[in-house]
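So you can see what is in the structure, the chains are spelled out below.
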Amino acid sequence: MAGERCVRRMIIDGLDHMDRRQEGIQHNKSVAMNHIHDYYKKALDRLPPELIPSLLEAGFCFGFLDPVSNIISNTVIHELGKGKKRKRPRRATGSTKKSTSEAENRRARCKTISQIIESSKDFPMKPNRSGSEGAGIAVWSIRGLATFLTSYFRYLTIQDALRYLRLSKADLLVAVHLIQEDYCSTYTFTMHDMTAKISLGCAAISSAMHPGVVPAFVSRSILLASHVDEVSSLLLPTNSCCCISRSTINRLSELFTLTNDMIDDDPRRPMQHAISRMQQCRGRRKTAVVPAVGLDYSLKLLLLDKIHVLYLKAISRIPRHELCSRHHRGLLKAGHCYGPFDPVTNIILNSIWYDTVFPAEREFEIEMISTKKLARIECLSLEGLVAYVCALFPAFSAYQATRYLLISNAQLDRAIMGAKEDGHDQAFPFSHSEAYDAASLAACHPSPTAFVEFATGVVPTMGETLRLTLKVNRMLSSSDVCTISETLSQKFPPSKSPKLVPDLNMHASNIIAGKRMKFKAFQSAIVKRVKAALLRYAQQVGQEYELHVICDVNAEIPEHGICYIPGDYKYPFSHMNILAKRKGSQIADADAVPTLFFIECSNIDEDVASLCCPILEPSKDAGRCFHCECEGIKIIHPPSETYHGRCTEFEDMASGKNPVSNEELISQGKYGTLFIDTMEDDCVYFDSSWDGDFAVSINEMEQDRDEEDDFSWLKKETQDLMFS
């Protein structure tokens, strides 16, 4: 068992606290660059001397082969693309001339590698057009390697990319695999993935490659890697001749010209080759976990991605009527994913329990779940999970707890088991009540004492009944939800309002009324766009879908690049995730779980064609979006479609055109994800029976304008939404 757990240990276990300090960054960069220099030495031994100029111009060590093969193949690609004949080297006659020629070649190679090393000193990692002048091929290569990693993996900083390049010996696919292990990714890397293609293009752009030739470079790299077995054999050094032959160059040229329909190799083969090389990159790891400043946030964001998928799964299992008319409130107020069951079951059960025990003063129907409030309950769930694990293992830091939760996909029992198997000591004596109390306080639960009583009392008394009802991979029926609510009410009867909620003043009442109007208008506009997109999709595929609920919305997608124009600027597009269910009598299983969709639609013209496509496996790595990541909105984008924010913005970051750096993108998104202002949507869900703290807060808000002006401003904003 211990050996099996060792496979799941994370590369960041050996993280040096210096990795994010300047000296640590310089060390990682220096070690990675030394490996790159070694690759160029080996490549120069394999290349004919007449190809040295092409190597210095375009012999990058990044691609989907091993580093030396990438250098050789990229050099040959560039040489063949010059489209002009070169003079053949004069053939030497006699042993003396042959010896002289070999000596000249050695001198040429030594001079070249010295030139490469000399041009690698004191270089910046950040893409900068002026900074690229005077940089050599090794600098362009390490910049391209780091850019690929930060373009492919969200939340990966340049500093962490350099560390993985050190660990992987500057081998791109080995670095990708190491990061996927640490990210606990369920996605198998393939070079045909659109994100991989975009990332390779960004790597080329950051390496001063002309944008016009980047698509051809990406295409040829994939074609060559599609025949990785043959290419590896072709470029393997032999005892008889170290330098590649003319026939090898001719065969590489033939492979470059193959069409996509001639590719029949397994797209996973390049990664399989990399995994075989990876064993040589695994050094001895430190046992102490010393997280670098900022890495705990990266792990938090990764864990939040997993938690978000769990919430989407839970929402898809609650019947539409019960979700949209009642339990959306319990979900957003107290539907945390920690508890005595698995995360999805906990979300459903906690939501129903809260609405049963703390009934709403007024119930209202929705068709769109608040994006910000959903993000907040997910963040609070994470805090509760971490607090629970730390209560069980007092020696744990939040970082260590997050690691085990990430590995276990936010499932508490698995995280605890993993920590025990790794030899960590659990608190003794252990109290579930104390752990749940710590979790509920960390998660700002609206009724922490009642939740602790519920979480510790539900399993012994009615756990088996609830488990049988909930532990099915289908949508619950209305009768199932009713049964759960009735079962809970027998043990946990509805509470009475504490009658401590203060009355709202006129200013607060106007604000809440205006925010509710604004929410309804925004919801109405979004629902209209969603139904139009579903109608177009039905016409395309011949199958109608009905809306279950809208999950996440980002209505501020610009058309080109990034936009900071304030005022009345109208963003032209929206991105959103929705859940929708197939219509028609041909669907035999009425309890089928709704499908998650991604939609990109116009905010201005309904006649503009929209993108509407299902997300078949939301738990796997999805496509990136600059705009949604910048806002910290966890919309799941399709892995194989084109949309605004997918490509151009990352290419502009790679070239330096976009002033936003990768670190700034992560920081901005982190702020939007972890520090969420939900005051507007709290107004929508304000309940005068239970929300005493919010009532006090909104009553004490400073009144910048009188009540009538403030309400008029909200009313105008609502009208703008309705007619946008």
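One structure accompanies this document, and this report is about it. (Residues numbered from 1 in each chain as written. Predicted model: local features only at pLDDT ≥ 70, side-chain atom pairs only at ≥ 80, totals over all residues. Heavy atoms only, no water.)

Points about the nonpolar core
Core analysis: the largest hydrophobic core is formed by 206 residues, its most contacted members being Y40, F64, F148, L149, L488 and I578. A per-element tally of this core places helix α15 (residues 295-317) first, with twelve residues. Beyond its immediate sequence surroundings of up to four residues, L488 is in contact with L349, I352, W353, F454, V458, M462 and L466. Grouped together as the second largest cluster of nonpolar side chains are nine residues, A508, C683, F694 and I698 included. (Core = buried A, V, L, I, M, F, W, Y, C linked by side-chain atoms within 4.5 Å. Buried < 20%, exposed > 50% of the residue type's maximum accessible area, 1.4 Å probe, protein only. Helix = DSSP H or I, 4+ residues; strand = E, 2+ residues; numbered from the N terminus. Contact = heavy atoms within 4.5 Å.)

A word on the sheet that holds strand β4 (residues 611-614)
As summarised here, the arrangement of the four strands in space is β1-β2-β3-β4, forming an open sheet in which the pairing is antiparallel. Looking at which strands have only one partner, the edges of the open sheet turn out to be β1 (545-557) and β4. For this sheet the average axis-to-axis angle between neighbouring strands, irrespective of direction, equals 20°. Bridge count for strand β3 (residues 595-602) against β4 is four bridges, and the pairing is antiparallel. Looking at β4, one finds that I599 is bridged to C612. (Pairing = 2+ DSSP bridges. Axes fitted to C-alpha atoms, helices over the stretch in contact; angles between N-to-C directions.)

A short note on the pairing of β1
With respect to burial, β1 is a largely interior element, eleven of its 13 residues being buried. Bridge count for β1 against strand β2 (residues 573-582) is nine bridges, and the pairing is antiparallel. Counted as the bridge partner of V549 is L579 from β2.

Here we look at unusual backbone geometry
Positioned with a positive phi, A170 is a non-glycine residue whose angle comes to about 60°. With a phi close to 55°, C184 is a non-glycine residue in the positive phi region. Mapped onto the fold, C184 is located in the loop between α9 (172-182) and α10 (194-206).

As for the pattern of salt bridges
Under the defined criterion, the tally for this structure stands at 19 salt bridges. Where D229 meets R269, a salt bridge forms, and the shortest distance between an N and an O atom there is 2.7 Å. Taken together, the positions of D229 in helix α12 (residues 228-234) and R269 in helix α14 (residues 269-278) put the pair 40 residues apart, joining distant regions of the chain. The shortest N-O distance in the salt bridge between K634 and D305 comes to 2.6 Å. Pair noted here: K634 is in the loop between α25 (626-631) and α26 (648-655) and D305 is in helix α15, with a separation of 329 residues, a long-range link. Its relative accessible area of 12% is what places K634 among the buried residues. The class for D305 is partly exposed, based on a relative accessible area of 21%. Three or more residues joined by partner-sharing salt bridges are found here, namely R154, R624 and E629. (Salt bridge = Lys/Arg side-chain N within 4 Å of Asp/Glu carboxyl O.)

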